[in-house]
Amino acid sequence: MKEIVRFPVDACLPTAAEVLAGQGVPAGRPTAEPVAESLREALNLFQELAAPITVVTGIPSAEFASVYRGEGRNAPESPLAAIFPKAEQLVLFAVTIGAPVSEEISRLFATGRFDLGYLLDAVASSGTDRLAQKLQEYCAVRKQERNSPPGHEQVASCGLRVAGDENPLGDLGVLGGSTSVSGSAGRAQAGTVFLRYSPGYCGWDITGQRQLFRALRPEDIGITLRESCLMEPLKSISGVLVAARPEVHRFDNTYPFCTVCTTQTCRSRIAEIQDGKPRKHEAG
Amino acid sequence: MELLNQIATSLQEGDDARVGELTRKAVAEKIPARQILDEGLVAGMNVVGSLFRDHEIFLPDVLLAARAMYAGLDVLKPMLVSENVPTAGKIVIGTVQGDLHDIGKNLVGIMLRGAGFEVIDLGNDVAPEKFVETATRENAQVIGMSALLTTTMTGMQRVVELLDAKGQRGRIKTIIGGAPVTAEYAREIGADAFGFDAASAVERVKELAAQ
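Since the structure is predicted, the reported quantities are computational estimates derived from the model, not experimental observations.

**Some thoughts on the packing of helix H5 (residues 99-110) of chain A against helix H6 (residues 114-147) of chain A**
All names here are of chain A.
Step number 1: Closest axis-to-axis distance for the H5/H6 pair is 7 Å, and the angle between their directions is 160°. Taken as axis vectors, H5 and H6 run roughly antiparallel relative to one another. Handedness of the H5/H6 crossing: left-handed. Of the residues in H6, those in contact with Val101, Glu104, Ile105, Leu108 and Phe109 of H5 are Phe114, Leu116, Gly117, Tyr118, Leu120, Asp121 and Ala124.
Step number 2: For the contact of H5 with H6, the class distribution of residues is nine nonpolar, one polar and two charged.

**What about the packing of aromatic side chains?**
Residue and element names in this part refer to chain A.
Step number 1: This model, assessed by the stated rule, comprises nine aromatic pairs over all chains.
Step number 2: Geometrically, the ring pair formed by tyrosine 68 and tryptophan 204 is tilted, given 5.4 Å between the ring centres and 50° between the ring planes. A residue pair is termed long-range when its members are at least 10 positions apart, and tyrosine 68 in helix H3 (residues 61-69) and tryptophan 204 in the loop between strand E7 (192-197) and helix H7 (208-216) qualify at 136 residues. This pair shows no difference in class: tyrosine 68 is buried, exactly as tryptophan 204 is.
Step number 3: Ring pairs connect the aromatic residues Phe64, Tyr68, Phe84 and Trp204, which therefore count as one cluster.
Step number 4: Directly above the ring of tyrosine 197 sits arginine 269, whose terminal nitrogen or CZ lies 5.1 Å from the centroid.

**Overview of the sheet that holds strand E1 (residues 90-95) of chain B**
Residues and elements named next belong to chain B.
Step number 1: Pairing is parallel across the open sheet formed by five strands, whose spatial order is E2-E1-E3-E4-E5. Of all strands in the sheet, those with a lone pairing partner are strand E2 (118-121) and strand E5 (193-194), marking the two edges.
Step number 2: Note: E1 against E2, four bridges, orientation parallel. Residue isoleucine 93 lies in a different strand from E2, and its bridge partner there is aspartate 121.
Step number 3: Strands E1, strand E3 (142-146), strand E4 (173-177) and E5 of the sheet are contacted by helix H9 (residues 198-210), whose axis makes an angle of about 170° with E4.

**Some thoughts on the interface of chain B and chain A**
Step number 1: Each partner contributes to the interface: chain B provides 26 residues, whereas chain A provides 25 residues.
Step number 2: Between chain B and chain A, the buried area comes to about 2,200 Å², and carbon and sulfur atoms account for 73% of it.
Step number 3: Of all residues in chain B, Phe58, Leu100 and Ile103 of chain B give up the largest surface area on contact with chain A, accounting jointly for 26% of the area buried on that side.
Step number 4: The salt bridge involving arginine 67 of chain B is made with aspartate 115 of chain A; its shortest N-O contact spans 2.9 Å.
Step number 5: The interface formed by chain B and chain A holds five residue pairs in polar contact (both at pLDDT 80 or more) in total.
Step number 6: The set of elements that each furnish at least two residues to the side of chain B that touches chain A consists of helix H4 (59-82) and helix H5 (103-114) of chain B.
Step number 7: Among the elements that line the side of chain B that touches chain A, the one with the most residues is H4 of chain B, at eight residues.
Step number 8: Of the residues in the side of chain B that touches chain A, the class split is 13 nonpolar, seven polar and six charged.

**Description of helix H7 (residues 154-165) of chain B**
Residue and element names in this part refer to chain B.
Step number 1: When the terminal C-alpha atoms of H7 are compared, their 17 Å separation across twelve residues agrees well with the 16 Å that a helix rising 1.5 Å per residue should span.
Step number 2: Looking at H7, one finds that the buried residues are Gly155, Met156, Val159, Val160, Leu162 and Leu163. Buried residues along H7 cover an arc of 160° about the axis, so they all sit on one side.
Step number 3: Those residues of H7 hidden inside the fold are in contact with helix H6 (128-137), E3, E4 and helix H8 (183-189).
Step number 4: Looking one or two places after H7, you find glycine 167, whose phi comes out positive at around 70°.

Basis of the calculations
- Per chain, residues are indexed from 1 in the order of the written sequence.
- Chain A is the first chain written and ligand 1 is the first ligand written, with later ones labelled in order.
- Only residues with pLDDT of at least 70 get local features here, since the model is predicted, and only at 80 or more are side-chain atom pairs given and counted; chain-wide, interface and lining totals rely on the full set of residues.
- As a convention, hydrogens and water are excluded, and side-chain values are obtained from all of the structure's heavy atoms.
- Between N-to-C directions, angles span 0 to 180 degrees; the directions come from axes that are lines fitted to C-alpha atoms, helices contributing only their stretch in contact.
- Only DSSP runs of H or I reaching four residues or more are called helices, and only runs of E reaching two or more are called strands; each is numbered from the N terminus.
- In what follows, roughly perpendicular refers to angles from 65 to 115 degrees, roughly parallel to angles under 35, roughly antiparallel to angles over 145, and oblique to any angle outside these ranges.
- Here is the rule for handedness: rotate from the far helix to the near one, and if that takes an anticlockwise turn smaller than a right angle the crossing is left-handed, while a clockwise turn gives right-handed.
- Note on contacts: a residue pair is in contact if any heavy atoms of the two residues lie within 4.5 Å.
- Residue classes follow a fixed rule: Ala, Val, Leu, Ile, Met, Phe, Trp, Tyr, Cys and Pro count as nonpolar, while Asp, Glu, Lys and Arg count as charged, and any other residue, Gly among them, counts as polar.
- Centres within 6.5 Å make a pair out of two Phe, Tyr or Trp rings, where for Trp the six-membered ring is used; the pair is then stacked when the planes are under 30 degrees apart, edge-to-face when over 60, and tilted otherwise.
- Only protein chains enter the area calculation, which uses a 1.4 Å probe; residues under 20% of their type maximum are buried, those over 50% are exposed, and those in between are partly exposed.
- Cation placement over rings: the criterion is NZ of Lys or CZ of Arg within 6 Å of the ring centroid and within 35° of the ring normal.
- A pair of strands is considered paired only if DSSP assigns at least 2 bridges between the two.
- What counts as buried area is the accessible surface, traced by a 1.4 Å probe, that two parts surrender upon association, with contributions from both included.
- The salt bridge definition used is simple: a Lys or Arg side-chain nitrogen within 4 Å of an Asp or Glu carboxyl oxygen.
- Polar contact criterion, stated in full: a pair of N or O atoms within 3.5 Å, where within protein one must be able to donate a hydrogen and the other to accept it, and residues adjacent in sequence count only if both atoms are side-chain atoms.
- By this rule, a helix spans an expected 1.5 Å times one less than how many residues it contains.
- This arc corresponds to the set of directions leading from the helix axis out to the C-beta atoms.

Below is the structure:
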């Protein structure tokens, strides 16, 4: 079932510390006042311009196998190829903070305010990552609700469903209140963890975007795909949310493509599954 | 010279208003534009580049310093032109066809200008032919290309091939960079250099321009 979920901007607004950490600035290091001032301005612009929206749809494993296969350009062996057949649930997703932020970044560079443009880009990357994180948590809570006895509903923080074929939470409205999930690994129920995987990473070739787009149709929330597999708006993330037991998500970074990976974020994600601590949001 | 040292220091602090004011003062004191540029602005940016390489400062600090440098350059530009002061070299940069990511390319352009290069920025989604035509017409020494997608990296190879076909390879050097790009890929397609990040790209371009 396809579902469009909106989140308020505050739900995906990164902290100044997160943005600076994404720029390699060590925690606790004093920030020069002009940089701090530009960063505050960038955070304000993000709040003003971002319009976070997401779309999800569940997909059976057999159908996802076809989506994953894409155009046959994946690495011969990859973590996701081993993980998804063992999943309890697979959910295709796409998130975006919209085009106005990217347009403002371009405008700032063009008018010589590249310090602010650069920081707004960093804020937007962190914010988009946070949005995907919020969606992951939302899906985990939804899964938990389905597995809970009647009258035992829990709600995700700040998700607003705007379309969908079923609505187990009743009337449309902001799903406020406490959240039952924390960190990157949205925990759907004891032992089940949601993690996301995207084309272009970990052996899933970026041309896989084409099949993913055919199955999900994120054009409904304004995300389009170029011939080069580039998503527009630029600050968008797509992929699959995999619900599985923690041990299913674990893998070693010894694949051939790991040697050229400059982020290695899989390590922190897997570590989080093990220690249950919330991860830091990364700039994308 | 104390005034030029003050320009360099204010630039390192990212104080664009002060750099503009001091540069105007230096001009009023009849200090040659070339000397203000080399011993004030570029000297300050060199310190910034060095601190950045040593992880003493980070990109946001570098960009503020660059903005201050531009404030000084705006004052000096008419004099640099009238005095025929040569630049460190001319480079054409752009993000390859099919790709709209341009933050990395923009950073390289800003830092190259800070190092005294004349930069022609073609923007993003640039066709291979446009890189070659512009570099040939503008008599540029280097073409710099950026890509963030494996699907668009092939455009870089096309530029090298076009330069080869037009007999310009060797005269016009190429440097490539971007998240999926590696030194190995640069060698594979015959590019002259690979920039791991903006700071290293500037160093490689200096080397290429000196050849």
